[in-house]
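This is what each chain is made of:
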Amino acid sequence: MVAILVLGVTVLFLLHRPTVFVDALAIVYALTFAISSYTSTYFYHQLEGTKWTKKVLLTGGLYMGPLFLVFIVNNIVAVFYESTTALPLGDIIKFSLLWVFLALPLLILGAVIVHRVFKHM
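Counting of residues starts from 1 at the beginning of each chain's written sequence and follows it residue by residue. Where local features are concerned, this predicted model is filtered to residues with pLDDT of at least 70; where side-chain atom pairs are given and counted, the filter is 80 or more; whole-chain, interface and lining totals use all residues. Think of the side-chain values as coming from all heavy atoms in the structure, minus any hydrogens and water.

A.B. asks: What is the right way to look at the pattern of salt bridges in this model?
C.D. replies: Where side chains of opposite charge bring their charged atoms close, a pairing between them can arise. What counts as a salt bridge is simple: a side-chain nitrogen of Lys or Arg found within 4 Å of a carboxyl oxygen of Asp or Glu. Taken as a whole, this structure holds 1 salt bridge when the rule is applied. The salt bridge partner of K94 is D91, with a shortest N-O separation of 3.6 Å. In this pair, K94 and D91 both sit in helix α4 (residues 89–119), 3 residues apart, roughly one turn of the helix. Counting from the N terminus, the helices are the DSSP runs of H or I reaching at least four residues and the strands are the DSSP runs of E reaching at least two.

Next comes the structure, spelled out in structure tokens:
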């Protein structure tokens, strides 16, 4: 959230357009996947775990699952009440592609970096 406010203050994008804010929030959230997988794999290796790949996928699911569930429920309620805040299908597809092509590779990258560091120790 702080990163988005800094971007808004520096006038890199205009915050009065709601789609820009949602897009920036989704991108910043996707970028934090690398941090979450790095942290979880680091702690898992400290505890001398051996099945780190399953734990990385679990981390990704626990990190994205609650947000996805809340997003879907809120969007369904907004569509039901014919609200103008409901996201169109194109935005939902865009966020899904962002998650698949940015967040998942970053999730794997963070875990692989830690795994290689611990492998050489």
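A.B. asks: Can you walk me through the packing of helix α3 (residues 52–80) against α4 in this structure?
C.D. replies: A pair of packed helices can be characterised by two numbers: the angle between their axes and the separation between those axes. Between N-to-C directions, angles cover 0 to 180 degrees, with each direction set by a line fitted to C-alpha atoms, over the stretch in contact for helices. The geometry of α3 relative to α4 is characterised by a closest axis approach of 10 Å and an angle of 155 degrees between their N-to-C directions. Here α4 runs roughly antiparallel to α3, going by the angle between their axes. Along this stretch, α3 crosses α4, giving a crossing that reads as right-handed. Together, W52, V56, G60, M64, F71 and N75 of α3 and I92, W99, L107, A111, V112 and H115 of α4 make up the contact between the two elements. For the contact of α3 with α4, the residue count by class is 9 nonpolar, 3 polar and no charged. Reported orientations rely on four angle classes, namely roughly parallel under 35 degrees, roughly antiparallel over 145, roughly perpendicular from 65 to 115, and oblique for the rest. Crossings are classed by handedness, with left-handed meaning an anticlockwise turn of the near helix from the far one by less than a right angle and right-handed meaning a clockwise turn. A contact between two residues is defined here by any heavy atoms of the two lying within 4.5 Å. Three residue categories are used. Nonpolar comprises Ala, Val, Leu, Ile, Met, Phe, Trp, Tyr, Cys and Pro, charged comprises Asp, Glu, Lys and Arg, and polar comprises the others, including Gly.

A.B. asks: Would you take a moment to explain the packing of aromatic side chains for this structure?
C.D. replies: Here a ring pair, both rings aromatic, is described through the centre-centre distance and the interplanar angle of the planes. Pairs were defined over the aromatic rings of Phe, Tyr and Trp, the Trp ring being its six-membered one, requiring ring centres within 6.5 Å. Orientation was assigned from the angle between planes: stacked under 30 degrees, edge-to-face over 60, tilted for the rest. In this structure the tally under the stated criterion is 7 aromatic pairs. Between Y29 and F33, the ring centres sit 6.0 Å apart and the planes meet at 85 degrees, which makes this aromatic pair edge-to-face. Placement of the pair is Y29 and F33 together in helix α2 (residues 18–46), with a separation of 4 residues, close to one helical turn. For the pair F80 and Y81, a centre-to-centre distance of 5.2 Å together with 80 degrees between the ring planes defines the contact as edge-to-face. One exposure class covers both F80 and Y81, and it is exposed. By way of ring pairs, the aromatic residues Y38, Y42, F43 and F118 are connected into one cluster. For a lysine, the NZ atom is tested; for an arginine, the CZ atom; a charge sits over a ring if that atom is within 6 Å of the ring centre and within 35 degrees of the ring normal. Note that K94 overlies the ring of F95, its terminal NZ or CZ placed 5.8 Å from the centroid. Classification of residues uses two cut-offs on accessible area relative to the type maximum, computed with a 1.4 Å probe and protein chains only: under 20% is buried, over 50% is exposed, and between them is partly exposed.

A.B. asks: Please explain unusual backbone geometry as it appears in this structure.
C.D. replies: Backbone phi values are negative for most residues with the exception of glycine, while trans is the configuration of most peptide bonds. Residue E82 is not a glycine yet carries a positive backbone phi of 55 degrees. By the element assignment, E82 lies in the loop between α3 and α4. We classify E82 as exposed; its relative accessible area is 71%.

A.B. asks: Honestly, the layout of surface pockets in this entry has me stumped. Any pointers?
C.D. replies: Any empty space left between atoms is shown by rolling a water-sized probe over those atoms. For cavity detection a 1 Å grid was placed over the protein atoms alone, and a set of points counts as a cavity when a 1.4 Å probe fits there but cannot get out; an open set counts as a pocket when protein lies on both sides within 12 Å along at least five of seven lines, with lining residues being those that have an atom within 4 Å of a point. Grid points are joined across faces, edges and corners, and a volume is the space filled by probe spheres set on the points. Counted as a void, the largest pocket has a volume near 830 Å³. Lining the largest pocket we find 31 residues, and of these V22, A26, F71, L87 and F95 sit closest to its centre. Taken together, the elements giving at least two residues each to the lining of the largest pocket come down to α2, α3 and α4. At 10 residues, α2 tops the list of elements feeding residues into the lining of the largest pocket. Residues that form the lining of the largest pocket fall into these classes: 22 nonpolar, 6 polar and 3 charged.

A.B. asks: Sorry, what's going on with α3 here?
C.D. replies: In an α-helix there are 3.6 residues to a turn, and that puts residues three or four apart on one side. To estimate how far a helix should extend, the number of its residues minus one is multiplied by 1.5 Å. Between its terminal C-alpha atoms α3 stretches 42 Å, which fits the 42 Å expected from 29 residues at 1.5 Å a residue. Considering bend angle alone, the principal kink of α3 is centred on M64 and spans about 30 degrees; proline P66 follows within four residues of it. Within α3 the residues assigned to the buried category are W52, V56, T59, G60, M64, N75 and A78. Positive backbone phi, at 55 degrees, marks E82, one or two positions downstream of α3. Throughout, the bend at a residue refers to the angle made by two axes, fitted to the seven residues ending there and to the seven starting there.

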